[in-house]
Amino acid sequence: MTGHDLDGFRGEVRDWCRAHVPADWRRSQTGPTDAEFVRFQHEWFQQLRHAGYAVPHWPREYGGGMSIPEQIVLYQELAAHDAPRLVLAFVAVHHAAATLLAAGTDEQRRRHLPAILDGEIWVQGFSEPGAGSDLAALRTSARRDGDGYVVTGQKVWASGAQYADWCLLLARTDPGAPKRRGISYFLLDMRSPGIQVRPIRQATGESHFCEIFLDEVRIPADGLVGAEHAGWQVAQRTLGAERGLTMLELAERLGNAGFRWLLEACERADPGGRRAVDDAVVADRLAALEIEIFGLRALCRDLVERHEAGVAGPADASVVKLYYSELLQRMTDFGTEVGGLAAHTVLRKPMSSGWESGAWVLDFVGSWEWTIPGGTSEIQRTIIAERGLGLPREPTGT
């Protein structure tokens, strides 16, 4: 697509955003009931879907097909117009779709990809108590029983599980095998008998994370993704999407919306007429953050382009995930600092916003979340060292 064509596409997206982004969504999404939140998210997803903007990274035959430059323009304009984020659809359109497209059967893709477009919500059932950073130590078991599997165990830090229709589930099918070689990957219907979901109240006041308890839950054999005992390899597809490809939108939002919130906070005058941005130290830190954001956006674009070309390196997604999560933390920390005491009086943030809503204290507390899921910052550094730089591997016991 030429620069002229991209300008035309940008104009189309810009006009669409002006006509469709709800003007009062931040107010209506601050303190909504669960039912109101789910309804808003579903309606917003369907608006994006009918415009062709919901799953731009999917193959064309499934409703996507946008080029990388078009995706960048789309995310820039959505962020610039303060569009809500697809919070509930995030796992479905990124993690579930990437897994199904890479390792699912034709039947699994036919069943679930159209359903995701219709609003099917997914949760990721990977981490467990005692198996977070060391995910391969998971103990949830799945035993073969006739034409299916029976699963018992517990998952934790499952984002949005209380709303989910389906779960991407890792369970141990061969307890005697080395830990990475005895895991299988399943698609679990969350309406199955034997499932209990308990939301976990967070420091921000939200209950984004949940525990999932599985008591003799039955999964049909056609719920297996990939080969039995080969779930660790399939899971790398999911984690690769979580660590890399999802970052394209998040980086554009951090640069177009998040930094704008920060700049506005620094330009706002106090009762004495003083502005934080007029302080040389503050201006210097703003410049440094803007440079870092520019670098992040460039890294994300490069990663997605090389992924599309099949030449991405084994640690590239970890570089992007590490960089984004720690930059988010630094930026929200600075927002909290310049926000002063007033920032501490904001007790709620819009549920459909990103991790940079302008509620600086809540954003900063929430930013620590991003240095943990999908592999902690320490895990990302290990991956970069071993797979990217070729340094000696640590003993893993596998």
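Located above this text is the structure these notes cover.
I will try to describe carefully the structure that is included in this document. (Residues numbered from 1 in each chain as written. Predicted model: local features only at pLDDT ≥ 70, side-chain atom pairs only at ≥ 80, totals over all residues. Heavy atoms only, no water.)

### With respect to helix H5 (residues 90-103)
Because an α-helix packs 3.6 residues into every turn, residues spaced three or four apart end up facing the same way.
Move 1: Here H5 contains 14 residues, and its C-alpha end-to-end distance of 19 Å stays within 8% of the 20 Å for a straight helix at 1.5 Å per residue.
Move 2: Along its length, H5 reaches its greatest deviation from straightness, about 30°, at Ala-97.
Move 3: Extensive coverage of H5 is indicated by the burial of ten of its 14 residues.
Move 4: By the burial criterion, the buried members of H5 are Phe-90, Val-91, Ala-92, Val-93, His-94, His-95, Ala-96, Ala-97, Thr-99 and Leu-100. (Helix = DSSP H or I, 4+ residues; strand = E, 2+ residues; numbered from the N terminus. Expected span 1.5 Å × (residues − 1). Bend = angle between axes of the 7 residues up to and from the residue. Buried < 20%, exposed > 50% of the residue type's maximum accessible area, 1.4 Å probe, protein only.)

### Some remarks on the environment of Glu-70
Move 1: Positionally, Glu-70 belongs in helix H4 (residues 68-80).
Move 2: Judged by relative accessible area, which is 14%, Glu-70 ranks as buried.
Move 3: In this structure, the C-alpha to C-alpha distance between Glu-70 and Pro-56, residues 14 residues apart in sequence, is 8.6 Å.

### A closer look at the pattern of salt bridges
Move 1: Evaluation of the coordinates by the stated rule reveals 27 salt bridges.
Move 2: Where Glu-249 meets Arg-253, a salt bridge forms, and the shortest distance between an N and an O atom there is 3.0 Å. Here the residue Glu-249 and the residue Arg-253 both occupy positions in helix H8 (residues 247-267), the gap between them amounting to four residues, near one helical turn. Exposure class is identical for Glu-249 and Arg-253. Each is buried.
Move 3: Here Arg-297 and Glu-252 are joined by a salt bridge, their closest N and O atoms 2.9 Å apart. Taken together, the residues Arg-297 in helix H9 (residues 280-309) and Glu-252 in helix H8 connect sequence positions 45 residues apart.
Move 4: Assessed through its relative accessible area of 17%, Arg-297 is described here as buried.
Move 5: Taking relative accessible area as the criterion, Glu-252 reaches 0% and is therefore assigned buried.
Move 6: It is possible to trace a salt-bridge network through shared partners that takes in Arg-10, Arg-14 and Glu-77. (Salt bridge = Lys/Arg side-chain N within 4 Å of Asp/Glu carboxyl O.)

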